[in-house]
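Letter by letter, the chains look like this.
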Amino acid sequence: MIKTQNRIATLFEERDDSSKVMSLFLTAGYPDLESTVDLILGLEENGAELIELGMPFSDPLADGPTIQHSSNVAIENGITMNAIFEMVGEVRKQSEIPIILMGYINPVMRYGIERFCKEAGEAGVDGLIIPDIPIEESQIITDHADDNGLSLVYLVAPNTSDERMRQIDAQSKGFVYCVSVTGVTGAREGDEVARSVQRFISRVKENITQNPKMVGFGIKSYDDAQRIAADMDGFIVGSALIDTIREHYPAEGWKDEVFAFVHSLKYDKS
Amino acid sequence: MNYDLPTKSGYFGRFGGKFVPEILMPVLEELEEAYDEAWQDESFRDEYLDLLHNYVGRPTKLTFANRLTEHYGRAKIYLKREDLCHTGAHKINNAIGQILLARRMGKDRIIAETGAGQHGVATATACAKFGVECIVYMGAEDMERQKLNVERMRLLGAEVRSVESGSQTLKDATNEAIRDWVTNVEDTFYIIGSVVGPHPYPKMVRNFHRIIGDETKNQLTEAEGRNPDYLLACVGGGSNAMGIFYPFVDDESVKMYGLEAAGLGADTDQTAATLTIGEPGVLHGSLSYLLHDKEGQIQLAHSISAGLDYPGIGPEHAHLKDSGRVTYVGITDKQAMEGVKLLSELEGIIPALETAHAVNYLDELMPKTSKDEVVVLNCSGRGDKDMGTISKNL
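Definitions and limits used
- Residues numbered from 1 in each chain as written.
- Chains lettered and ligands numbered in written order.
- Predicted model: local features only at pLDDT ≥ 70, side-chain atom pairs only at ≥ 80, totals over all residues.
- Heavy atoms only, no water.
- Core = buried A, V, L, I, M, F, W, Y, C linked by side-chain atoms within 4.5 Å.
- Buried < 20%, exposed > 50% of the residue type's maximum accessible area, 1.4 Å probe, protein only.
- Helix = DSSP H or I, 4+ residues; strand = E, 2+ residues; numbered from the N terminus.
- Contact = heavy atoms within 4.5 Å.
- Pairing = 2+ DSSP bridges.
- Axes fitted to C-alpha atoms, helices over the stretch in contact; angles between N-to-C directions.
- UniProt positions renumbered as here; feature names shortened; annotations may be inferred.
- Buried area = accessible area lost by both parts, 1.4 Å probe.
- Salt bridge = Lys/Arg side-chain N within 4 Å of Asp/Glu carboxyl O.
- Polar contact = N/O pair within 3.5 Å; in protein donor to acceptor, adjacent residues only side chain to side chain.
- Parallel < 35°, antiparallel > 145°, perpendicular 65-115°, else oblique.
- Left-handed = near helix turned anticlockwise from the far one by under 90°.
- Nonpolar A, V, L, I, M, F, W, Y, C, P; charged D, E, K, R; others polar.
- Arc of directions from axis to C-beta.
- Phe/Tyr/Trp six-rings, centres within 6.5 Å; stacked < 30°, edge-to-face > 60°.

Observations concerning the nonpolar core
Of all hydrophobic cores here, the largest spans 109 residues; its most connected members are L43, L53, L101 and F116 of chain A. In terms of residue count, the dominant contributor to this core is helix α4 (residues 81-92) of chain A (7 residues). Apart from the residues within four sequence positions on either side, L101 of chain A is in contact with L53, M55, I84, F85, V88, F116, A120, V125, G127, L128 and I129 of chain A. Counting 90 residues, the second largest nonpolar core, distinct from the first, contains I23, F44, A122 and L290 of chain B.

Pasting the structure below:
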């Protein structure tokens, strides 16, 4: 049941230059197992064009407190790889939004890399982001991802050299994930991001030429997104979304609060 | 030497590698270059050896354990006395080596993780000696269990940061140290305390400890005119074991045993017997055996010895297990306590609880040996730090 046209490629081909692609990161199984599918559909309705669905891991060493928390809650909720595939399958009954599974290699390896890629492809997953697989270690997964129509997205960071950016661009599929600041994931104060980001962005523009460029890490508002993504194809928000869920769940109407926040990220400053 | 691992990309057989976020790749490359260059540089080696000699107290003695030998009535038993090192364990060899490298690289902020506190104390000591800022990450639960070592680190001028995430033990302290590292890559050097982590750490830490095996080889040649028949060492992450094993890997007549912590038993869920019951996986940057559940979530390890209480193992040990070169056996908490008593009563040496795991294996090994053979046991640390636990369990 492998798709003929990759949804990520289509998204960037058809994108209107006047607006930025908004990708949202959501931890599967957070805040509870039942809400994930509804959240994805609601995020799409409110402006998300790409979903990065987090596969929780007990030891997320590149993540800050927010995603550590959501991962722990999801694991306590009993999240499994099979449940994640089922969630994607449910979304696919109602939506064609591109879905990328994002998470550390250990749970994938434990599941079996070949089996994981096959079942992810069958469920309707479009791509993978595995932050602890740098290009040097990619041989264990590349062929299986390719065979199942999964775009393997790589990251570049502010300390990635020009030459290495070009190597990563050559190997990345779907887009290149540009990490705007060194450090772990998490929402940051605007000026902290702004200070170092300009030089990085100009190097990214120069060296990432074959793939669309998505920028992430530290974005928490419409203004942040517009400023940081000005020269990019789009932006990624993760921790700020999880923080918003955490703030409102499980009060009545919590999803509406979350969707309102997402809407504001994409469309206005309020 | 025929044994020439790791490969250039950091693999020991199918284990090892660099499974880290992109931010750390340039840092590891820089570290690898700096280490390889330093290790070839005579002036670096001279400074390292001078400190080991005049500050750490090397070479440590190789003591003939006459009463222990009589007790079993078989092979001669020698003890490699790493317990006599400054700070009380082998850990300081590596801390000194890495801090010299950090200085050479112009990094003036040192971070480290610690479980029982021994590596933290060794790092804090080295930082005090060089007047360098030192931050040690330690699980909140471990800080409670190892109060004395926390006080030692603070007295030495280190900042001990309590880690409240996850299980609040060594693996979480390591996560937090890595998070600090990715945030402060420019000026920070991460001194990893065992032969774990991404390449080049397993190789580098092993090489900073190989002096244990090199000295053993020379000292035993002097005492007995030969190589040992058996080497015994405890294994948590595996640094003292790699240190004594490595110079003997090509000497096929030397049988090597790594004793890991089985906790309440390798068939219970209260264990740290990674090589006995673990499955391959990636934790803290390298591929090795791990304790994890069927979803790949890391399981909590258990051992009476905080230094062995880790759900992973150095990738070189994983390779040496698969290749059959080293035999790994689990020793329970109870057996380790017997090891503490045995060595204390017969040799006047109170071993660290970690070391006691290796001591207890003599019960199993010695009846199979003969009088013309020689056993060397790496006495990796002294037991002063464990007196609280020991007196509770005697």
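Some remarks on the sheet that holds strand β3 (residues 99-103) of chain A
Residues and elements named next belong to chain A. Pairing within the closed barrel is parallel, and its 8 strands lie in the order β1-β2-β3-β4-β5-β6-β7-β8. Taking each pair of neighbouring strands and ignoring which way they run, the sheet shows an average axis angle of 25 degrees. Note: strand β1 (residues 21-27) against strand β2 (residues 50-55), 5 bridges, orientation parallel. Note that in β2 the partner of F25 across the bridge is E52. The strands touched by α4 within the sheet are β2 and β3, with β3 carrying the most contacts at an inclination of about 160 degrees.

Observations regarding the UniProt feature "active site" (unreviewed entry) in chain A
All names here are of chain A. In this numbering, the UniProt entry assigns the feature "active site" (unreviewed entry) to E52 and D63. Topologically, E52 is positioned in strand β2. Here E52 falls in the buried class, since its relative accessible area comes to 1%. Setting aside residues up to four positions removed in sequence, E52 forms contacts with S23, L24, F25, L26, I100, M102, I129, F175, Y177 and I236.

A short note on the interface of chain B and chain A
At the interface, 35 residues of chain B touch 36 residues of chain A. Interface area, chain B with chain A, both sides summed: about 2,900 Å², of which 54% is carbon and sulfur. It is E22, R179 and E295 of chain B in chain B that bury the most area against chain A; as a group they hold 23% of the surface buried on that side. For the interface between chain B and chain A, the tally reads 2 salt bridges. For E22 of chain B, the salt bridge identified is with R164 of chain A, shortest N-O distance 2.5 Å. Scanning the region where chain B abuts chain A turns up 19 residue pairs in polar contact (both at pLDDT 80 or more).

Describing the packing of helix α2 (residues 42-56) of chain B against helix α4 (residues 91-104) of chain B
In a packed pair of helices, the relevant descriptors are the angle between the two axes and the axis-to-axis distance. Residue and element names in this part refer to chain B. The geometry of α2 relative to α4 is characterised by a closest axis approach of 10 Å and an angle of 140 degrees between their N-to-C directions. Considering the angle they form, α2 stands oblique to α4. Crossing hand, α2 versus α4: right-handed. On the side of α2, the interface is formed by F44, E47, Y48, L51, L52, Y55 and V56, while α4 contributes I92, N93, I96, G97, L100, L101 and R104. Taken together, the residues of the contact of α2 with α4 sort by class into 10 nonpolar, 2 polar and 2 charged.

Let's talk about helix α8 (residues 162-171) of chain A
Residues and elements named next belong to chain A. Among all positions of α8, only R164, M165, I168 and D169 are buried. An end-on view of α8 places all buried positions within 145 degrees of arc, on one side of the element. Residues E163 and A170 are exposed on α8 and point more than 90 degrees away from its buried face.

Quick look at the packing of aromatic side chains
All names here are of chain B. Here the structure, examined in full by the defined rule, presents 20 aromatic pairs over all chains. Seen in terms of ring centroids, W39 and F208 are 5.4 Å apart; in terms of plane orientation they differ by 90 degrees. Their pairing is edge-to-face. One end of the pair, W39, is in helix α1 (residues 25-40); the other, F208, is in helix α9 (residues 201-209), and 169 residues separate them in sequence. For the pair shown, W39 and F208 are each scored as buried. Consider the rings of Y190 and Y201, whose centres lie 6.3 Å apart with planes at 55 degrees: the pair is tilted.

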